[in-house]
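# Results of the structural survey
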Amino acid sequence: MTKKVIIALDNKNLKEIINLVKKTRSHAFGFKIGKEFFYNYGIEGYKKIYKLSSNIFLDLKLHDIPNTVKKGILAISKLNPYFTTIHLSGGDEMQIQANLSKKNIKILGVSILTSLNSEQTHKFYFNKDIKKIVSNYTNYALNHNLDGIVCSPAEIKIIKDIAGDKLLIVTPGIRPENWLLF
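Residues numbered from 1 in each chain as written. Predicted model: local features only at pLDDT ≥ 70, side-chain atom pairs only at ≥ 80, totals over all residues. Heavy atoms only, no water.

Before going further, it helps to examine the overall build of the chain. Along its length, the chain carries seven helices and seven strands. Rg of the C-alpha trace for the chain: 16 Å, near the compact-globule value of 16 Å for 182 residues, within the 12% margin. With respect to the principal axes defined by its C-alpha atoms, the chain has extents near 45 × 35 × 35 Å. Of all intrachain contacts in the chain linking residues separated by at least 6 positions in sequence, the fraction that spans at least 24 positions is 60%. For the chain, the accessible area works out to roughly 10,400 Å², and carbon and sulfur atoms hold 53% of it. In the chain, 27 positive and 15 negative side-chain charges are present, and the distance between their average locations comes to 7 Å. (Helix = DSSP H or I, 4+ residues; strand = E, 2+ residues; numbered from the N terminus. Rg over C-alpha atoms; globule rule 2.2 N^0.38 Å. Contact = heavy atoms within 4.5 Å. Areas by Shrake-Rupley, 256 points an atom, 1.4 Å probe, with all protein chains shown as cover. Lys, Arg positive; Asp, Glu negative; His and termini not counted. Charge placed at Lys NZ, Arg CZ, Asp CG, Glu CD.)

In this structure, Leu 9, Ile 33, Phe 37, Ile 49, Leu 58 and Ile 86 are the most contacted members of the largest nonpolar core, which totals 41 residues. For this core, the elements supplying multiple residues, two or more each, are α1 (14–24), β2 (30–34), α2 (35–52), β3 (56–62), α3 (66–77), α4 (92–101), α6 (130–143) and α7 (156–163). When near neighbours in sequence (up to four residues on either side) are disregarded, Leu 9 contacts Ile 17, Leu 20, Val 21, Phe 31, Lys 32, Ile 33, Phe 37 and Ile 49. (Core = buried A, V, L, I, M, F, W, Y, C linked by side-chain atoms within 4.5 Å. Buried < 20%, exposed > 50% of the residue type's maximum accessible area, 1.4 Å probe, protein only.)

Attention now moves to the packing of aromatic side chains. As enumerated under the stated definition, the model contains eight aromatic pairs in all. Taking 6.0 Å as the distance between ring centres and 20° as the angle between the ring planes, the aromatic pair formed by Tyr 46 and Tyr 50 counts as stacked. Note that Tyr 46 and Tyr 50 are positioned in helix α2 at a spacing of four residues, about one turn of the helix. Overall, Tyr 46 belongs to the buried group, its relative accessible area being 1%. A connected cluster of aromatic rings, assembled from ring pairs, spans Phe 29, Phe 57, Tyr 82 and Phe 83. (Phe/Tyr/Trp six-rings, centres within 6.5 Å; stacked < 30°, edge-to-face > 60°.)

Moving on, we get to the packing of α3 against α4. Put simply, α3 and α4 touch, their axes get as near as 8 Å, and they point 25° apart. Considered as vectors, α3 and α4 are oriented roughly parallel to each other. The way α3 lies across α4 gives a crossing that is right-handed. Residues Pro 66, Val 69, Lys 70, Ile 73, Leu 74 and Ser 77 of α3 lie in contact with α4, whose contacting residues are Glu 93, Met 94, Gln 97, Ala 98 and Ser 101. Counted by class, the contact of α3 with α4 contains six nonpolar, three polar and two charged residues. (Axes fitted to C-alpha atoms, helices over the stretch in contact; angles between N-to-C directions. Parallel < 35°, antiparallel > 145°, perpendicular 65-115°, else oblique. Left-handed = near helix turned anticlockwise from the far one by under 90°. Nonpolar A, V, L, I, M, F, W, Y, C, P; charged D, E, K, R; others polar.)

Limitation: the analysis is restricted to geometry and does not speak to function.
This is the structure we're talking about:
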């Protein structure tokens, strides 16, 4: 059976995070290091987790001008994560530069943040519905040869209908209340 679970390391205690990784690494595909972890523990914290499991999903959601994202991806490449993320809303050239700079990393494009509801997408995406936005983003990711998309579970069918198996799909999970009991 293929391991498909990626465990988010969002706890504020590095010792507890390391214990969680040790206890779950044989059951998980890998571990997600997001902004909260990275800003608290930096590259040294990253390296501690990498020593325990090399399948790191470095979820920094880059979104900037193309040259800055290109340089960011080149810097991230030195850390050798399995995945990293960019916002698909960053535009064509940003997606192209990220993909050209990726070396051995799989680039995942973030569709719409799961915190945005229909009211917010209508406001900030000028009355387009979520299905239309996700459809457009899926086509952009395919056109720019990204490796996959991070999306809501509700968007999986939309993406699969357009991309089939050409894009990896990563969805945020649910954190059990007693997650430290693993």
